[in-house]
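So you can see what is in the structure, the chains are spelled out below.
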Amino acid sequence: MSYVDEVLESVIAKNPAEPEFHQAVREVLESIRPVIEKNEDAFRKDALLERITNPERQIKFRVPWVDDKGNVQVNTGYRVQFNSAIGPYKGGLRLHPSVNLGIIKFLGFEQIFKNSLTGLPIGGGKGGSDFDPKGKSDREVMAFCQSFMTELCKYIGADTDVPAGDIGTGAREIGYMFGQYKRLRGVFEGVLTGKGLSYGGSLARTEATGYGLLYITEELLKSKGDSLNGKTVVVSGAGNVAIYAIQKAQQLGAKVVTCSDSTGWVYDPDGIDVAALKEIKEVKRARLTEYKSYRPNSEYHEGKGVWTVKADIALPCATQNELGIDDAKALVANGVKAVCEGANMPTTEEATKFFQDNGVFFIPGKAANAGGVATSALEMSQNSERLSWTFDEVDAKLKGIMVNLFHNIDDAAKRYGFEGNYVVGANIAGFEKVLDAMNAQGIV
Ligand code: GLU
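Residues numbered from 1 in each chain as written. Predicted model: local features only at pLDDT ≥ 70, side-chain atom pairs only at ≥ 80, totals over all residues. Heavy atoms only, no water.

Chemist: Can you help me understand the pattern of salt bridges in this one?
Modeler: Oppositely charged side chains may form a pair once their charged atoms are brought near each other. Taken as a whole, this structure holds 27 salt bridges when the rule is applied. Between Glu37 and Arg33 there is a salt bridge, with its nearest N and O atoms 3.2 Å apart. Of the two residues, Glu37 and Arg33 are both situated in helix α2 (residues 19-37); the distance of four residues between them amounts to about one turn of the helix. Classification of Arg33 as buried rests on a relative accessible area of 18%. (Salt bridge = Lys/Arg side-chain N within 4 Å of Asp/Glu carboxyl O. Helix = DSSP H or I, 4+ residues; strand = E, 2+ residues; numbered from the N terminus. Buried < 20%, exposed > 50% of the residue type's maximum accessible area, 1.4 Å probe, protein only.)

Chemist: What should I look at first to understand the site of the ligand in this one?
Modeler: In the region of the ligand, 13 residues are neighbours, and Lys90, Lys114, Gly165, Asp166 and Ser376 sit closest. At a separation of 2.9 Å, a nitrogen atom of the ligand approaches a polar backbone atom of Gly165. Against a free-state accessible area of 290 Å², the protein chains account for coverage of 93% of the ligand. Per-element accounting of the shell around the ligand gives the leading share, three residues, to strand β3 (residues 89-95). Looking at the shell around the ligand residue by residue, the class counts come to two nonpolar, six polar and five charged. (Near = heavy atom within 4 Å. Polar contact = N/O pair within 3.5 Å; in protein donor to acceptor, adjacent residues only side chain to side chain. Areas by Shrake-Rupley, 256 points an atom, 1.4 Å probe, with all protein chains shown as cover. Nonpolar A, V, L, I, M, F, W, Y, C, P; charged D, E, K, R; others polar.)

Chemist: What's the story with the packing of aromatic side chains in this structure? I'm lost.
Modeler: The relation between two aromatic rings is expressed through the spacing of the ring centres and the mutual angle of the planes. What the rule picks out here adds up to 14 aromatic pairs. Here the aromatic rings of Phe82 and Phe109 are separated by 5.6 Å at their centres, their planes lie at 55°, and the arrangement is tilted. Linking Phe82 in strand β2 (residues 72-83) with Phe109 in helix α5 (residues 101-117), this pair joins segments that are 27 residues apart in sequence. Measuring from ring centre to ring centre gives 6.4 Å for Tyr211 and Tyr244, while their planes differ by 70°; the resulting arrangement is edge-to-face. Remark: Tyr244 occurs in helix α9 (residues 240-251) and Tyr211 occurs in helix α8 (residues 205-223); sequence separation between them is 33 residues. Side by side, Tyr211 and Tyr244 carry an identical accessibility label, which is buried. Ring pairing ties together the aromatic residues Phe61, Trp65, Phe131, Phe144 and Phe148, which thus form one cluster. Against the face of Phe131 rests Lys136, its NZ or CZ located 5.3 Å from the ring centre. One cation-aromatic arrangement involves Lys397 over Trp389; the distance from NZ or CZ to the ring centre is 4.5 Å. (Phe/Tyr/Trp six-rings, centres within 6.5 Å; stacked < 30°, edge-to-face > 60°. Lys NZ or Arg CZ within 6 Å of the ring centre and 35° of its normal.)

Chemist: Just to check I follow, could you spell out the nonpolar core for this structure?
Modeler: Taken as a class, soluble globular proteins show a tendency for nonpolar side chains to be buried jointly. Leu49, Phe109, Leu315, Ile363 and Phe431 are the most contacted members of the largest nonpolar core, which totals 89 residues. It is helix α17 (residues 422-440) that contributes the most residues to this core, 10 residues altogether. Grouped together as the second largest cluster of nonpolar side chains are 23 residues, Leu95, Cys153, Tyr181 and Leu192 included. (Core = buried A, V, L, I, M, F, W, Y, C linked by side-chain atoms within 4.5 Å.)

Chemist: Where do I start with the sheet that holds β3 in this structure?
Modeler: Strand pairing in a sheet takes place through backbone hydrogen bonds and is either antiparallel or parallel in direction. Spatially, the five strands line up as an open sheet ordered β1-β2-β4-β3-β5, and their pairing is mixed. A single partner strand is all that each edge strand has here, and the edge strands are β1 (57-66) and β5 (161-164). Looking at each pair of strands side by side, their axes are set apart by 20° on average, direction ignored. (Pairing = 2+ DSSP bridges. Axes fitted to C-alpha atoms, helices over the stretch in contact; angles between N-to-C directions.)

Chemist: Sorry if this is basic, but what is going on with unusual backbone geometry here?
Modeler: Peptide bonds are, in most cases, trans, and in most cases residues other than glycine have a negative phi. Its identity is not glycine, yet Ala17 carries a phi of approximately 60°, on the positive side. Turning to its location among the elements, Ala17 is positioned in the loop between α1 (3-14) and α2. If you check the backbone angles, Met345 has positive phi at about 55° while not being a glycine. Within the element layout of this structure, Met345 appears in the loop between β12 (338-340) and α13 (349-357). The class of Met345 is buried, set by a relative accessible area of 3%.

Chemist: I keep staring at the layout of surface pockets and nothing clicks. Help me out?
Modeler: It is the rolling of a water-molecule-sized probe over the atoms that shows where space remains empty. If you add up the space inside the second largest pocket, you get close to 530 Å³. The wall of the second largest pocket is formed by 25 residues, among which Gly190, Met380, Gln382, Asn383 and Ser384 lie closest to the centre. Looking at the lining of the second largest pocket residue by residue, the classes come out as 12 nonpolar, nine polar and four charged. (1 Å grid on protein atoms, 1.4 Å probe; cavity = no way out; pocket = protein on both sides within 12 Å on 5 of 7 lines; lining within 4 Å. Points joined across faces, edges and corners; volume = space filled by probe spheres on them.)

Chemist: It is not clear to me how the pairing of strand β6 (residues 232-236) should be interpreted in this structure. Could you clarify?
Modeler: Regular strands place their side chains on alternate faces of the sheet. In terms of burial, β6 is largely enclosed, as four of its five residues are buried. Both β6 and strand β7 (residues 255-256) contribute to a ladder of two bridges, which runs parallel. Bridge assignment links Val233 to a residue of β7, and that residue is Val256. Assessed by its sense of winding, the connection that carries the chain from β6 through α9 to β7 is right-handed. Both β6 and strand β11 (residues 313-316) contribute to a ladder of four bridges, which runs parallel. When the bridges of β11 are listed, Val234 appears paired with Ala314. (Right-handed = clockwise from strand over helix to strand, strands pointing away.)

Chemist: Hey, could you run me through the sheet that holds β7 in this one?
Modeler: The parallel open sheet is built from five strands, whose spatial order is β7-β6-β11-β12-β13. Two strands in the sheet have a free side with no partner beyond their single neighbour: β7 and β13 (361-363).

Structure, rendered in structure tokens:
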């Protein structure tokens, strides 16, 4: 059996009931097969693939807190420190009821290659909890965040592991966690990114994932002699990534006609009103059902449906495996040209293959959404030099990073004879740097 197949089989056997982790590992190992098979005996002897698919460390802990009724609630906290070959562990904290160890491992594994692709010195990690901030009071969210950080603070630090936001963890949660870290450890340091501007945050970090997604999409289209100007775009999600993706798409001349949340979706034929969306989601923390009161011409539908709308470009910005084979078929039938992932692994394996087989340009999340973590690394740089850069400075750096990233994955795909396959290109380009650093550092 080939070394890649051996390791795939053992990852599945040794990590049972973690389908998302298996999916992420399968995608990477299948992509780097040509690199491995060139030198299979050496890779096997060094157990390189076993090392890269085993987290360096995984931490699981109890998070007790008291709700507004005086009852004790217990959640589970996680931090998976996956790979520190190229820098301190870096990656977000997801707060969502679906969180379990397998989800955090899939996200942490993806983060290794994503962070490598940014070209910045950050390793891969991820964490979170099955706590659901939805419907909780600020005091309850603070109680949870303080309890979570009381345990997590033992394992993180500005030079060891720097968590950030993800689904369910925004500016409010980062603020509470930072305050508790500072109180317990007695140091004011850049231990978290996505901080508020008044205490060490970076301008443009809030916008970065969505903006970065559009910068890479524009560069992809430019490489085909096209642009976003005049295009119709469908976006899923209504969180931080979706909001700023919609805003930047509009600035680049596209019309974005959809967004969605966990209960329904909106179709706005005149283009999504970002100010209304921000007010509903960021200020009121409400449901998309409210959107119609701002825009009477729009439609609200329960359930899923964004991918049934005719569009040139699709940007899935909600969550993993939200775009399946039937969605892919509907998009292709409607003439979609490009799909770029704003979320982490939002497209199923079958749907990804369907896009590629039908000539749709497809950029995977680990490349397309890397602008968020890249700007987190810029926040770390600013914290280290105790300075803050202007919005335009950070935004220009972000744009440069995304443009370079596109050409790196495009070149890597071409080098191995997979021109236009940005999944293979991203995995190979991300892997090569980590591999080099792991080899240089010996068996650790
Ligand atoms: N959660 C984001 C991601 O998936 C950002 C992580 C960070 O800024 O560290 O990449």
